[in-house]
Amino acid sequence: MRGGALPGALLCVALGLGLASAREKTVVLGLAVLVVTASAIALAPVPQSWSDIVFLGCWISIIASAAIVYAPWTLEDKAALALSLNGGVWTGALIALAPSKLGLIHALPFSLCTWPGAWARRRGEAIGLKVLASWLIGVAALAATLQFLPATPGYGPDHMD
Amino acid sequence: MTRRIAGTSQEGPSAPRPGLFSAATALPIVFGAAAVTPAYAHSGTGLADGFESGFSHPLTGVDHLLAMVSVGIWGAFLGRPLVYALPVIFPLIMVGGAILGMFSLPMPPVELGIAASVLILGLCICLAIQAPVWIACAIVAIFAVFHGYAHGVELPSAADPVGYSVGFVLATGLLHVLGIGIGLLNALPTGVLVTRSLGGAVVVAGAWYLAGALGL
C-alpha cells in the first residue's frame, strides 16, 4: 500500500526537471543512465526488509533533484550523470519491491519532462518549473514524514467543529 | 507597507501581465496532473482513496479554500516575483506546518490563526495592498503554518500516504493557480473592481470566522 509506481514516477519527474538545466547531450546520456540503471536494479532481488530505506532514499532524491531547479547555473556533466545514476538506483529499487515490474514502464517516461522543462528555461519561464519543484519537495517531505509516523492523528473533530 | 490601486497607470513593472501565465502556469498543471495518472492505473494499492482523500482535504473547509485562493489573487495583485513566489512558499511551509501538526507539537490557537489569515488576506486584496516582498512572504508563510498544522492534526489514518501527499499538495497548489487565474481579471477594465469586491467578501467571511474563533 505504498503507491505502486507513483513514487518512482515522482522521482522521474523530479530528475527530469533537474536535468533540464544540464547540456542537451548530457541530458540524453543521463536519461540513458537512468533507464539502464533502473532496469538492471528492478530485476535484481531487493529484499522487502529494505523497503523503508528504499522509500526514504526515493524521497530524499526527489527533494535533491527538485531543488536543482532553483539553481541559476547550468548543471555540470558529472553532477547530471551522478543525479541520473542516483535516480536510476532508487527508481529500480522501488520497482523491484513492487508487485509488478511493469511499474518501470509507467515511471520512466515521466523523466521525458526534461525537454519541456529545458524549453521553458530557454524561454525564461523557469518559474513554472520552480512551482512544480516546490510541489514535489512538499510531497516528498510529507511522504517521508508519514513513513516514520506510527499512527496519524486520525479522524478527530475538525477545527471547524 | 504602502497602498496603491492596481490596474492603474501607476502599476509599474511589477504589475501582472496576462502573457506571463501561459506556459508558466500550464507546466505545473500538466505535469502535476500527469504525475498522478499511475495512481489510477495501478490497481490494488489503495492509491485512489489516498489521492482522493488528500485532494479533497484542502477543499472541504471553506476557510482553507478562501485563504489559499486569496493567496493567489493577492499574488496576482503584487505581480512579479510574488505572483509566483507565494504559491511556491505556501505549499512548502504548509507541509512544514502539517508535520508539526502530525506530531501534535504545541502551537498558538490554530482557529484564530486561520480566521486571521482569511481576514487579513481578504483585506490585502480588498485594499490592493502592495506589500514589500519580504513582508508578503512572511505573512503568507506564517499563515501557511497554521493551515498546515490544521491539516496535519486532522490527517486520516486510512489514507495511502503517498497518494494522500500528492493529492494534498496538488489541491493546494491548484487553489493558488485558481486564485492567480481570478487575479487575471485585473487586466480587464472593471476587473480590479471585481477582484477587490471578492476581497471584500473574503474579509466578511474572515470576520465571521474570527468572531466564531473568539466565541463572540
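Below is a short write-up of the structure. The structure presented is a predicted model; accordingly, all values stated were derived computationally and were not measured.

Criteria and thresholds
Residues numbered from 1 in each chain as written. Chains lettered and ligands numbered in written order. Predicted model: local features only at pLDDT ≥ 70, side-chain atom pairs only at ≥ 80, totals over all residues. Heavy atoms only, no water. Helix = DSSP H or I, 4+ residues; strand = E, 2+ residues; numbered from the N terminus. Rg over C-alpha atoms; globule rule 2.2 N^0.38 Å. Buried < 20%, exposed > 50% of the residue type's maximum accessible area, 1.4 Å probe, protein only. Contact = heavy atoms within 4.5 Å. Areas by Shrake-Rupley, 256 points an atom, 1.4 Å probe, with all protein chains shown as cover. Lys, Arg positive; Asp, Glu negative; His and termini not counted. Charge placed at Lys NZ, Arg CZ, Asp CG, Glu CD. Salt bridge = Lys/Arg side-chain N within 4 Å of Asp/Glu carboxyl O. Core = buried A, V, L, I, M, F, W, Y, C linked by side-chain atoms within 4.5 Å. Phe/Tyr/Trp six-rings, centres within 6.5 Å; stacked < 30°, edge-to-face > 60°. Expected span 1.5 Å × (residues − 1). Arc of directions from axis to C-beta. Polar contact = N/O pair within 3.5 Å; in protein donor to acceptor, adjacent residues only side chain to side chain.

## Some points on the overall build of chain A
- Of regular secondary structure, chain A possesses seven helices and zero strands.
- Secondary structure elements of chain A, listed N to C terminal, follow the sequence α-α-α-α-α-α-α.
- Against the compact-globule benchmark of 15 Å for 161 residues, chain A has a radius of gyration of 16 Å, which places it among compact chains.
- In terms of its C-alpha atoms, chain A occupies a principal-axis envelope of roughly 50 × 45 × 20 Å.
- Out of the 161 residues belonging to chain A, those deemed buried represent 57%.
- Long-range pairs, those at least 24 residues apart, make up 89% of the contacts in chain A with a sequence separation of at least 6.
- Total accessible area computed for chain A in this model is approximately 7000 Å², and 70% of it derives from carbon and sulfur atoms.
- Within chain A, one finds 9 positive and 7 negative side-chain charges whose respective centroids are separated by 13 Å.

## Here we look at the pattern of salt bridges
All names here are of chain A.
- Under the counting rule described, the total for this entry stands at one salt bridge over all chains.
- Two residues, Asp 77 and Arg 23, come together in a salt bridge whose shortest N-O distance is 2.8 Å. Taken together, the positions of Asp 77 in helix α4 (residues 77-97) and Arg 23 in the loop between α1 (6-19) and α2 (24-42) put the pair 54 residues apart, joining distant regions of the chain.

## With respect to the nonpolar core
- Of all hydrophobic cores here, the largest spans 99 residues; its most connected members are Leu 10, Leu 17, Trp 59, Ile 62 and Leu 136 of chain A together with Trp 74 of chain B.
- No other element matches the 13 residues that helix α7 (residues 127-147) of chain A contributes to this core.
- Once you skip the residues sitting within four places of it in the chain, Leu 136 of chain A turns out to touch Leu 10, Val 13, Ala 14, Leu 17, Ile 62 and Ala 66 of chain A.
- Grouped together as the second largest cluster of nonpolar side chains are five residues, Val 110, Phe 146, Tyr 149 and Ala 150 of chain B included.

## Regarding the environment of Ser 197 of chain B
- Within the fold, Ser 197 of chain B resides in helix α9 (residues 191-213).
- Taking relative accessible area as the criterion, Ser 197 of chain B reaches 45% and is therefore assigned partly exposed.

## Structural notes on the packing of aromatic side chains
All names here are of chain A.
- Summed over all chains, the structure comprises two aromatic pairs over all chains.
- Ring geometry for Phe 55 and Trp 59: centres 6.4 Å apart, planes at 40°, overall tilted. With a gap of four residues between them, Phe 55 and Trp 59 both fall in helix α3 (residues 51-67), about one helical turn apart. Residues Phe 55 and Trp 59 agree in their burial class; the two are buried.

## Considering the environment of Pro 81 of chain B
- Along the chain, Pro 81 of chain B falls in the loop between α4 (62-78) and α5 (82-102).
- The class of Pro 81 of chain B is partly exposed, set by a relative accessible area of 47%.

## Notes on α2 of chain A
All names here are of chain A.
- A rise of 1.5 Å per residue sets the reference length of α2, with its 19 residues, at 27 Å; its end C-alpha atoms lie 27 Å apart and thus fit the reference within 8%.
- Listed in full, the buried residues belonging to α2 are Thr 26, Val 27, Gly 30, Leu 31, Leu 34, Thr 37, Ala 38 and Ala 42. What you see down the axis of α2 is that its buried residues fit within an arc of 140°, all on one side. In α2, the exposed positions that point more than 90 degrees away from the buried face belong to Lys 25 and Val 36.
- At its buried positions, α2 is contacted by α1, α4, α5 (103-107) and α6 (114-122).

## Overview of the side chain of His 147 of chain B
All names here are of chain B.
- Structurally, His 147 can be placed in helix α7 (residues 133-153).
- Exposure remark for His 147: the relative accessible area of 0% places this residue in the buried category.
- At 2.8 Å, the side chain of His 147 forms a polar contact with the side chain of Ser 117.
- Apart from residues no more than four positions distant in its own chain, His 147 is found in contact with Asp 63, His 64, Ala 67, Met 68, Phe 90, Met 94, Ile 114 and Ser 117.

## Thoughts on α1 of chain A
- For α1 of chain A, with 14 residues, the first-to-last C-alpha span of 20 Å sits near the 20 Å given by 1.5 Å per residue.
- The buried fraction of α1 of chain A is high, at 14 of 14 residues.

## Examining the environment of Gly 97 of chain B
Residue and element names in this part refer to chain B.
- You can see Gly 97 is positioned in helix α5.
- For the pair Gly 97 and Asp 160, spaced 63 residues apart in sequence, the C-alpha separation works out to 20 Å.
- Not counting chain neighbours up to four residues away, the residues in contact with Gly 97 comprise Val 145, Gly 148 and Tyr 149.

## Focus on unusual backbone geometry
Residues and elements named next belong to chain B.
- For the bond running from Arg 80 to Pro 81, omega is 0°, close enough to zero to count as cis.
- Although it is not a glycine, Ser 104 adopts a positive phi angle of roughly 50°.
- Relative to the assigned elements, Ser 104 resides in the loop between α5 and α6 (110-126).
- Phi at Ala 128 is positive, roughly 50°, even though this residue is not glycine.
- Owing to a relative accessible area of 0%, Ala 128 belongs among the buried residues under this scheme.

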